[in-house]
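Chain by chain, the residues:
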Amino acid sequence: MFDFSASTRCNTILDRERPLFPRINKTKEIFFIREDQTIDSNLHDFELLFFWNCAFVFLLIYIYIHTFMQQIHIFCLFCLLFTNDLIADEIWLVNFSRTTENQLLLIEESFPFIDLLESNPLKSTYVFLLRHDDRTRFARFLSENNGSYRRLPNKILKSSTKRSKRWTPSEHPLDRTYYQHFLSYDEQRDWHQLLENSPLTKRFVRLHTIGQSYENRSLEVIELHTRRYPRRRRKHAVYIDGGMHAREWLSIGVANYIIVQFLREKKTNPKIQEIFRHFDVFVLPMMNPDGYEYSRTKNRLWRKNRSPTSHSEFWNGDENCMGIDLNRNFPHQWHSLPSSSMYACTTSYRGPQPSSEPEVLHVVNFLKRLTYPHPKFHAYFNLHAYGRFWLLPWAYTSFERVSNYDNLFERSNRIMTTVMNGTYKVGQASRLLYPCSGTSIDYAATLMPHSMTFELSPAFSILPMCTENDSALDETCTVGFMMGPDAIEIDGKEIFTAIVEYLYSVVQDSFSE
């Protein structure tokens, strides 16, 4: 028979020599049941022990999987960077032996992700920036449509990262160095502060921050005015902007040149004095500061702003899915043409709705005088690059013209002939280039009688072309967006003189006493 007294003595010994680890003790007590315990309570302890052991195992598995996935992610990023040169964008110079009216429109509909860098419809010649995925299909398209192409070496893109030489900002706000360099965003803001606070200019300058960009950079408008003349009647206003497309650095430099020259010549140039009798001049040199800074540091040919899109929320290694084309986002005929793309990964993506972008919305509110009270706008000069075109609305259609088109064309063509020696082409934007909707000049034309775009240098027909052999690459080989800072003053003189002559003629025709 089983000796219960022995069992009791055994338990007493176990109690007296209980181990330091209670978990081991509980395991033993399953077999040596004390009189004051039940089988159920010991089973409950065993279940808890099993649960925590399983939880610990699952935790180890999770940590292992998480670490493994991190390693895979890092490996994928490494592969993406390593193969970047293999799948890099290419620049193609395309010629068609036979011209058709819808040639460019067909390309844009069939290849929505191709970026048109420049076009010369009269010669059926185009420059495209192609993504890796489109090369084979686009080459087949050209062979089927009487087209030919040659690749411009990628050395163009690598050399395009060259920026202005190091320089020391001058304490004089009208020093030439401020338009002889491509200023960074921070340098531009410092110069604005100098213009507003310097004893030499502060009486004639007001600085207005009309809003913030998506990445919280300030949109700063320089107001140029004079207090010399009494206001017999309410003044009107002129609006000039540059830098709407990030890669068009020259437009920012020319806008800075215009600011300096207006302030320099306000006391010596009779035409400018007459202009200031009737107009205050507002200049926004850098409308797309986020995109501009990105083009300076990451991608020289970046065009859009840096707002996220529905496609950019999902990581796919394609930076093109970020951003909206600001010159397709204005609230006039916003979605009427395929050239204002509905695809987020294209360079001409119009955005999810009109004025969806903060940069555009702030300019729209400013032009409508919702930001703060100021004179009504009478003229708008929009600076872009490149091609040497003087473009008039409408841009969204070639079948209609603004009501005062004949007056705009006659005045513009006359000034272009005398000031620019006939080297610019004047005409309706949709005819000289291509139809596109949601543009700033079309929107401005609904608010004021004079609205136009200057496409700056170089002219496409005089661009030095590159050879197909990288070793024979000419040092002057370029794409028009990469014009150096030396072009700022050359173009600036032409554009500034043209604007002065244009405004002076408007004063003589409309405001002379």
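Everything below is about the structure shown above.
Sequence positions are assigned chain by chain, starting from 1 and proceeding in written order. Note on the predicted model: pLDDT of at least 70 is required for a residue's local features to be given, and 80 or more for side-chain atom pairs to be given and counted; whole-chain, interface and lining totals, by contrast, use all residues. Side-chain measures were taken over the full set of non-hydrogen atoms in the model, leaving aside hydrogen atoms and water.

> Could you give me a rundown of the pairing of strand S3 (residues 125-130), with the residues and numbers involved?
When accessible area is computed with a 1.4 Å probe and restricted to protein chains, residues below 20% of their type maximum are described as buried, those above 50% as exposed, and intermediate ones as partly exposed. Only runs of H or I of at least four residues qualify as helices and only runs of E of at least two qualify as strands under DSSP, and these elements are numbered from the N terminus. For S3, a buried count of 6 out of 6 residues is recorded, marking the element as mostly surrounded by other parts of the structure. Here S3 shows two buried faces, one formed by Thr-125, Val-127 and Leu-129 and the other by Tyr-126, Phe-128 and Leu-130. Two strands pair when backbone bridges link them, and strand S1 (residues 90-96) and S3 are joined in this way by 6 bridges, in the antiparallel orientation. Counterpart to Glu-90 in the pairing with S3 is Leu-130. Criterion used throughout: strands pair if DSSP finds at least two bridges between them.

> How would you sum up the pairing of strand S11 (residues 425-428)? Please name residues and give values.
Note: strand S10 (residues 389-392) against S11, 4 bridges, orientation parallel. Directly across from Leu-391, in S11, lies its bridge partner Gly-427. You can see the chain leave S10, run along helix H12 (residues 405-419) and come back into S11, and the turn it takes is right-handed. Whether a crossover is right-handed comes down to one check: with the strands pointing away from the viewer, does the path from the first strand over the helix to the second run clockwise; if it does, it is right-handed.

> Give a detailed account of unusual backbone geometry, specifying residues and quantitative values.
Along the chain, Ala-385 connects to Tyr-386 via a cis peptide bond; the corresponding omega equals 20 degrees. Here Asn-216, not a glycine, exhibits a phi torsion of approximately 70 degrees, which is positive. Along the chain, Asn-216 falls in the loop between strand S5 (205-212) and strand S6 (218-224).

> Can you lay out the packing of aromatic side chains for me, pointing to particular residues and giving the numbers?
Working definition: rings of Phe, Tyr and Trp (its six-membered ring) pair if their centres are within 6.5 Å, and the pair is stacked with planes under 30 degrees apart, edge-to-face with planes over 60 apart, and tilted otherwise. Evaluation of the coordinates by the stated rule reveals 28 aromatic pairs. With a centroid separation of 6.1 Å and an interplanar angle of 20 degrees, the aromatic rings of Tyr-405 and Phe-409 are classed as stacked. On the criterion of helical spacing, the pair formed by Tyr-405 and Phe-409 is a turn pair, its members being 4 residues apart in helix H12. Through pairs of rings, three or more aromatic residues link up here, namely Trp-92, Phe-96, Phe-111, Tyr-126, Phe-128, Phe-138, Phe-141 and Tyr-149. Our definition puts a charge over a ring when NZ of Lys or CZ of Arg is within 6 Å of the ring centre and also within 35 degrees of the ring normal. The aromatic ring of Tyr-185 is capped on one face by Arg-217, whose charged end is 5.7 Å from the ring centroid. Residue placement shows Arg-300 over the ring face of Trp-249; its charged tip is 3.7 Å from the ring centre.

> Explain the nonpolar core to me, using residue names and the numbers behind them.
For our purposes a nonpolar core is just a set of buried Ala, Val, Leu, Ile, Met, Phe, Trp, Tyr and Cys residues, chained together by side-chain atoms within 4.5 Å. In this structure, Phe-381, Trp-390, Phe-454 and Ile-495 are the most contacted members of the largest nonpolar core, which totals 75 residues. If you tally residues by element for this core, the top one is helix H15 (residues 486-511), at 12 residues. Of all hydrophobic cores here, the second largest spans 44 residues; its members include Ala-139, Val-364, Phe-389 and Leu-391.

> Tell me about the pattern of salt bridges, and name the residues and values.
Salt bridge criterion: a side-chain nitrogen from Lys or Arg within 4 Å of a carboxyl oxygen from Asp or Glu. Scanning the entire structure with this criterion turns up 15 salt bridges. Among the ionic pairs, Arg-296 bridges to Glu-293, the shortest N-O distance being 3.8 Å. In this pair, Arg-296 and Glu-293 are both assigned in helix H10 (residues 289-297), 3 residues apart and thus about one turn of the helix distant. Taken as a pair, Arg-296 and Glu-293 share a single burial class, namely buried. In this structure, Asp-325 engages Arg-303 in a salt bridge whose closest nitrogen and oxygen atoms are separated by 2.7 Å. Pair noted here: Asp-325 is in the loop between H10 and helix H11 (358-367) and Arg-303 is in the loop between H10 and H11, with a separation of 22 residues, a long-range link.

> Pulling in residues and values, what's your account of H10?
H10 sits mainly inside the fold: 8 of its 9 residues count as buried. All of the buried residues along H10 are Pro-289, Asp-290, Gly-291, Tyr-292, Glu-293, Tyr-294, Ser-295 and Arg-296.

> Summarise the state of the cysteines; cite the residues concerned and give the values.
Here, two cysteine sulfur atoms that lie within 2.5 Å of each other are counted as a disulfide. For the structure shown, the criterion picks out 1 disulfide. Through a disulfide, Cys-321 is tied to Cys-345; the S-S separation comes to 2.0 Å. Residues Cys-321 and Cys-345 share a disulfide whose torsion about the S-S bond is about 90 degrees; that sign makes it right-handed. Of this pair, Cys-321 sits in the loop between H10 and H11 while Cys-345 sits in the loop between H10 and H11, placing them 24 residues apart in sequence.

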